[in-house]
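An overview of the molecular structure
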Amino acid sequence: MLNRHDMAEGKRVGGGRAKNLTKADITDLIEQARHDHNIPAFAVVVMDAVRIIASDIQGKRVVGSNADASLNDFFHIGSCSKSILAVMAGRLIEQGKLNWGTKFFAIFPELKRVARNEYRDITLEDLLLCQAGILPYTKGDEFASLDASVSQSRETFIAYLLQQKPAAKKRAKGRFKHLYSNASYTMAAVMLERVAGVSWEDLIQRTLSDELGLPVVFGWPNGLNYNQPWGHAELNGSLQAFSPGHEYRLHRIIAPAGDLSLKPLDYAKYVQLHLQGLKGVDNYLAAATYQTIHYRQQGFSLGVASGSSWGERYSMFDGSAGTFYCASMIFPDSNMAFVIMANSGTEQAVKGISWLTKKIIKKYFNLWWMFWM
């Protein structure tokens, strides 16, 4: 992604000093991305560990309407919700209620009798790393084959999962190979529910709304209010808005894996907490806990993708349930992070976010010589 080893720790890149983005820069980039990729609305927020550097939103809540999108609107964050589950786990671990290595059957001994032997040692960490061998449930048609009794609650769904053949092979040391799995996060969520004594929904409210002051919506934004942004997808060659009553929605049994909505500036504050922690600052969690979440394992860690290039660490959490898209990048060594949110989940939206990501990085780090970006 970044081609210079001296980019680490905010050093000068490409002969010039790292340049902070302005709102005018962001506005220009959003307008071009919307025009080139047919996106109803884009929001972008760039920050360092203590302040918002620049933010803007352009576009409409619903394609073809006159209602302008606002930074006070909610946007669906999809699988970025997985990082929130890891944060809630970290909080409970710091409170001494469990640890990353707590075995699933230590919390749910009653399910051990129905489970396949291959799952006997899976842990909270395995589930958050998607290394527990659990079936993925990343496609809507996977739920069509479920019996109604299996899908009536997360507990019955988990009992069913534990009776199925593992979806991944085990490595030599006993942990399953990585297989991205929404169902794995449902299992992690019920572990947190049991040790906390409250539901996942209540944990989310307590964590985001009560303790962090970040209002949250479960499900699509327009489920809260008809005038909130609608999600969009490409159907029959054209962009279609999904009304509040549209039948498409995430199944509640995998909601912990990705069915939350936040406002752009509030979501940016959440990402900023991670940036602070990765720079060694204790906040909602101890800095060491953020380090664990992001870098426990290179590649895909605990609900977060991370790595390093040429001495520069980076972390990412992206998410889409098909009708919105949310992307986040954190560069702790350069004290910078940004988020991009769109009310579209099309292939063009993905391309637009990729283009915006490259342009933000190029502009911020003054990579004028990277003509290909």
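Keep in mind the model is a prediction, meaning the values are calculated, not measured.

Let's shift gears to the pairing of strand β9 (residues 305-309). The pairing of strand β8 (residues 299-300) with β9 spans two bridges and is classified as antiparallel. By the bridge assignment for β9, Gly 299 is matched with Ser 306. In textbook terms, the turn of a hairpin is the stretch between consecutive antiparallel strands, and for β8 and β9 this stretch comprises four residues, one of which, Gly 303, has a positive phi near 80 degrees. Of the pairings in the sheet, the one linking β9 to strand β10 (residues 312-316) comprises five bridges and is antiparallel in character.

By size, the foremost hydrophobic cluster in this structure holds 91 residues, and its most contacted members are Phe 104, Leu 124 and Tyr 267. Ranked by residues supplied to this core, first place goes to helix α7 (residues 182-196) with nine residues. Membership of the second largest hydrophobic core comes to 28 residues, among which are Phe 42, Val 46, Tyr 325 and Tyr 364.

Here Val 350 shows up in helix α12 (residues 347-364). Distance in space between the C-alpha atoms of Val 350 and His 274 is 24 Å, their sequence separation being 76 residues.

One open sheet holds the seven strands; their spatial order is β2-β1-β12-β11-β10-β9-β8, and the pairing between them is antiparallel. Each edge of the open sheet is held by one strand with a lone partner, namely β2 (52-59) and β8. As judged from the seven bridges shared by strand β11 (residues 325-331) and strand β12 (residues 336-342), these two strands associate in the antiparallel manner. What sits directly across from Tyr 325, in β12, is Ala 342. Against the sheet, helix α1 (residues 23-37) makes contact with β1 (41-47) and β2, and its axis sits at roughly 30 degrees relative to β2, the strand it touches most. On top of the sheet, helix α11 (residues 287-295) reaches β9, β10 and β11; it is set at about 80 degrees to β10, its chief contact.

With a phi angle near 55 degrees, Asn 38 is a residue other than glycine that sits in the positive phi range. Tracing the sequence through the fold places Asn 38 in the loop between α1 and β1. Relative accessible area serves as the criterion here: at 47%, Asn 38 is assigned to the partly exposed category. Positive phi values are uncommon outside glycine, yet Cys 130 reaches one of about 60 degrees. Relative to the elements of secondary structure, Cys 130 occurs in the loop between α4 (124-128) and α5 (141-144).

The next point concerns the sheet that holds strand β4 (residues 217-218). Picture the strands of a sheet paired through backbone hydrogen bonds; they go either parallel or antiparallel. Spatially, β3-β7-β4 is the arrangement adopted by the three strands of the open sheet, whose pairing is antiparallel. Looking at strand neighbours, the two that pair on one side only are β3 (75-76) and β4, the edges of this open sheet. In this sheet, strand β7 (residues 260-262) lies alongside β4 in antiparallel orientation, the contact comprising two bridges. Pairing of Phe 218 across the sheet is with Leu 260, part of β7.

Next up on the list: α12. A rise of 1.5 Å per residue sets the reference length of α12, with its 18 residues, at 26 Å; its end C-alpha atoms lie 26 Å apart and thus fit the reference within 8%. Within the span of α12, buried status applies to Ala 349, Gly 352, Ile 353, Trp 355, Leu 356, Thr 357, Ile 360, Ile 361, Lys 362 and Tyr 364. The inward-facing, buried residues of α12 abut α1, β1, β2, β11 and β12. Residue Asn 366 follows α12 closely and has a positive phi angle near 55 degrees.

Right, let's talk about the packing of aromatic side chains for a bit. In the structure shown here, the tally under the stated rule is 15 aromatic pairs. With centroids separated by 5.0 Å and ring planes inclined at 85 degrees, the aromatic side chains of Tyr 364 and Phe 365 adopt a geometry described as edge-to-face. For the pair shown, Tyr 364 and Phe 365 are each scored as buried. Here a set of aromatic residues connected by ring pairs shows up, and it is made of Phe 75, Trp 220, Phe 242, Tyr 248 and Phe 324. The ring of Tyr 185 has Lys 82 sitting right over it, with the charged end atom 5.4 Å from the ring centre.

Here we take up the side chain of Thr 289. In this structure, Thr 289 sits in helix α11. For Thr 289, a relative accessible area of 11% puts it in the buried group. If we ignore the near neighbours within four places in the chain, the residues touching Thr 289 are Gly 90, Glu 94 and Trp 100.

A separate point is the pattern of salt bridges. Tallied over the full model, the rule gives 16 salt bridges. Its salt-bridge partner being Asp 48, residue Arg 51 comes within 2.9 Å of it at the nearest N-O pair. By relative accessible area, Arg 51 is classed as partly exposed at 39%. Notably, a salt bridge pairs Arg 116 with Glu 118, separated by 2.9 Å at the nearest N-O pair. A residue is classified by how much of its surface remains accessible, and Arg 116, at 31% relative accessible area, is partly exposed.

So, about the confidence of the model for the protein chain. A residue-level look at the protein chain finds 92% of positions with pLDDT of 70 or above and a mean pLDDT of 90. Confidence drops under pLDDT 50 across residues 1-18; counting only partners more than four residues distant or on other chains, this segment forms 48 contacts.

Glancing now at the environment of Leu 302. With respect to the secondary-structure elements, Leu 302 resides in the loop between β8 and β9. By relative accessible area, Leu 302 is classed as buried at 0%. Each C-alpha atom of the pair Leu 302 and Phe 157 lies 22 Å from the other, and the pair is 145 residues apart in sequence. When near neighbours in sequence (up to four residues on either side) are disregarded, Leu 302 contacts Ala 86, Trp 100, Glu 125, Leu 128, Leu 129, Tyr 185, Thr 292, Ile 293 and Arg 296.

Definitions and cut-offs
- Each chain has its residues counted from 1, following the order in which its sequence is written.
- Where totals are concerned, whole chains, interfaces and linings use all residues; where local detail is concerned, this predicted model gives features only for residues with pLDDT of at least 70, and gives and counts side-chain atom pairs only at 80 or more.
- Values reported for side chains reflect all heavy atoms of the structure, with hydrogen atoms and water molecules removed beforehand.
- By the convention used here, strands pair only if DSSP detects at least 2 bridges between them.
- Each helix is a run of DSSP H or I of at least 4 residues and each strand a run of E of at least 2, with the numbering of both proceeding from the N terminus.
- Residues belong to a common nonpolar core when they are buried Ala, Val, Leu, Ile, Met, Phe, Trp, Tyr or Cys residues joined through side-chain atoms within 4.5 Å.
- The buried label goes to any residue with under 20% of its type's maximum accessible area, the exposed label to any with over 50%, and the partly exposed label to all in between, with areas taken from a 1.4 Å probe on protein chains only.
- Two residues form a contact once any of their heavy atoms are found within 4.5 Å.
- The angle between two axes is taken between their N-to-C directions and runs from 0 to 180 degrees, where each axis is a line fitted to C-alpha atoms and a helix contributes only its stretch in contact.
- One fewer than the residue count of a helix, multiplied by 1.5 Å, yields its expected span.
- Ring pairs are drawn from Phe, Tyr and Trp, using the six-membered ring of Trp, whenever the two centres fall within 6.5 Å, and their geometry is named by plane angle: stacked under 30 degrees, edge-to-face over 60, tilted for the rest.
- As a reminder, the over-ring test applies to NZ of lysine and CZ of arginine, requiring each to be within 6 Å of the ring centre and within 35 degrees of the ring normal.
- Any Lys or Arg side-chain nitrogen found within 4 Å of a carboxyl oxygen on Asp or Glu counts as a salt bridge.
- Confidence scores labelled pLDDT are given residue by residue by the predictor and lie between 0 and 100.

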